[in-house]
Amino acid sequence: MSTMSDRTVLLLSGPNLNLLGEREPDIYGSATLDDHLAGATAAATARGLTLEHVQSNHEGELVDAIHDARGRCAGIVVNPGAFTHYAWAIHDALAAFDGPIVELHLSNPAAREPWRHTSVVAPVAAGTIAGFGAAGYRMAVEAVADLLDR
Ligand code: DQA
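Chains are numbered independently. Their residues run from 1 in the order of the written sequence. Residues qualify for local features only when their pLDDT is at least 70, as the model is predicted, and side-chain atom pairs are given and counted only at 80 or more; totals for whole chains, interfaces and linings, by contrast, use all residues. Calculated side-chain values reflect all of the structure's heavy atoms, with hydrogen atoms and water omitted.

Novice: What am I meant to see in the confidence of the model for the chain here?
Specialist: Atom-level detail of predicted coordinates should not be read off regions where pLDDT is low. On average, residues of the chain score 96 in pLDDT, and 97% of them are at 70 or above. No element of the chain has a lower mean pLDDT than helix α1 (residues 25–28), at 97, and none a higher one than strand β4 (residues 101–105), at 99. pLDDT measures how confident the predictor is about each residue, on a scale from 0 to 100. The numbering of helices and of strands both runs from the N terminus, where a helix is a DSSP run of H or I of at least 4 residues and a strand a run of E of at least 2.

Novice: What is the right way to read the site of the ligand from this model?
Specialist: Think of it this way: one heavy atom of a residue within 4 Å of a molecule or strand is enough to make that residue near it. R23, Y28, N79, G81, A82, H85, H105, L106, S107 and R116 make up every residue found near the ligand. Between the ligand and A82, the relevant distance is 3.1 Å, taken from an oxygen atom to a main-chain nitrogen or oxygen of the residue. A distance of 2.8 Å is found between an oxygen atom of the ligand and a backbone nitrogen or oxygen belonging to L106. Calculation of accessible area relied on Shrake-Rupley with a 1.4 Å probe; when residues are assessed, cover is drawn exclusively from the protein chains displayed. Calculation on the ligand without its partners gives an accessible area of 320 Å², and the protein chains cover 99% of this total. Following the grouping adopted for this structure description, the nonpolar residues are Ala, Val, Leu, Ile, Met, Phe, Trp, Tyr, Cys and Pro, the charged ones are Asp, Glu, Lys and Arg, and the polar ones are all others, Gly among them. Looking at the shell around the ligand residue by residue, the classes come out as three nonpolar, five polar and two charged. Residues adjacent in sequence count toward polar contacts only when both atoms are side-chain atoms; beyond that, a polar contact is any pair of N or O atoms within 3.5 Å, and within protein one must be able to donate a hydrogen and the other to accept it.

Novice: I would appreciate a short explanation of the packing of helix α2 (residues 33–46) against helix α5 (residues 135–149) in the present structure.
Specialist: In helix packing, the relevant descriptors are the interaxial angle and the interaxial distance, both defined with respect to the helix axes. Here an angle of 0 to 180 degrees is reported between the N-to-C directions of two axes, which are lines fitted to C-alpha atoms, with helices fitted over the stretch in contact. Where α2 meets α5, the closest approach of the two axes is 8 Å, and the angle between their N-to-C directions is 35 degrees. In this structure, α2 crosses over α5, and the sense of that crossing is right-handed. Contact with α2, carried on its side by L33, H36, A40, A43 and A44, involves Y137, R138 and V141 of α5 and no other residues of that element. Per-class residue counts for the contact of α2 with α5 are six nonpolar, one polar and one charged. The sense of a crossing depends on the near helix, which, turned anticlockwise from the far helix by less than a right angle, makes the crossing left-handed and, turned clockwise, makes it right-handed. Should any heavy atoms of two residues lie within 4.5 Å, those residues are considered in contact.

Novice: Help me understand helix α4 (residues 88–95), please; the structure alone is not making it clear to me.
Specialist: One turn of the α-helix equals 3.6 residues, which is why residues spaced by three or four share an orientation. Relative accessibility decides the category of a residue: with a 1.4 Å probe and only protein chains considered, values under 20% of the type maximum give buried, values over 50% give exposed, and everything between is partly exposed. Looking at α4, one finds that the buried residues are I90, H91, A93 and L94. Buried residues of α4 fall within an arc of 165 degrees about the axis and therefore sit on the same side. If you follow the buried residues of α4, they end up packed against α3 (59–69), β3 (75–79) and β4. Here the arc refers to the directions that run from the helix axis out to each C-beta atom.

Novice: What exactly am I supposed to notice about the pairing of strand β1 (residues 8–13) here?
Specialist: Here is the key point about a regular strand: its side chains alternate between the two faces of the sheet. Buried residues dominate β1, accounting for six of its six residues. The two faces of β1 match: T8, L10 and L12 on one face and V9, L11 and S13 on the other face are all buried. Following DSSP output, two strands are said to pair if at least two bridges run between them. Both β1 and strand β2 (residues 50–55) contribute to a ladder of six bridges, which runs parallel. Across the sheet, V9 pairs through a bridge with L51, a residue of β2. Note: β1 against β3, five bridges, orientation parallel. From the neighbouring strand, S13 faces β3, where its bridge partner is N79.

Novice: Even after reading the chapter, I still don't get the sheet that holds β2, so can you show me in this structure?
Specialist: Pairing between the strands of a sheet comes from backbone hydrogen bonds, and it takes one of two forms, parallel or antiparallel. The strand order across the open sheet formed by five strands is β2-β1-β3-β4-β5, and the pairing between neighbours is parallel. Each edge of the sheet is formed by a strand with only one pairing partner; in this case those strands are β2 and β5 (127–130). This sheet shows a mean twist of 20 degrees between the axes of neighbouring strands, independent of strand direction. Relative to β4, β3 is paired through three bridges, and the arrangement is parallel. Counted as the bridge partner of I76 is I101 from β4.

What follows is the structure in structure tokens.
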């Protein structure tokens, strides 16, 4: 019997995002991760979704959280932080997840240093929201909700 919730979405936050608000505010803004979580949760509730959140600075813990979402969560919004650019284990874990995946970034990595221009997550995501700061959290939840409502 499937335990899949068709209305639970996992928001995954990668390394250093726990420092939002203090970390390079000129790039990432002054809002904390809790502030972004509040915005994402409000957007999810408005669309009848339940949001779960996991933040980790460790690649393996993010892989475990993706495995734990399999068969249980309907979709994933992921800001993988710097893991975006080289963490193939996260790519592979996401590839083994059945529902829609939205990649999210506060900044626009394509407009930054060349090493940020590669995303190993993009090939397994339905799409990417990047460069819109805090609004991106609401937009990413809206995107996953639209994909689930299709
Ligand atoms: C980020 C962009 C990444 O390049 C960076 O390593 C981060 C944050 C963003 O949200 O803009 O940690 O994912």
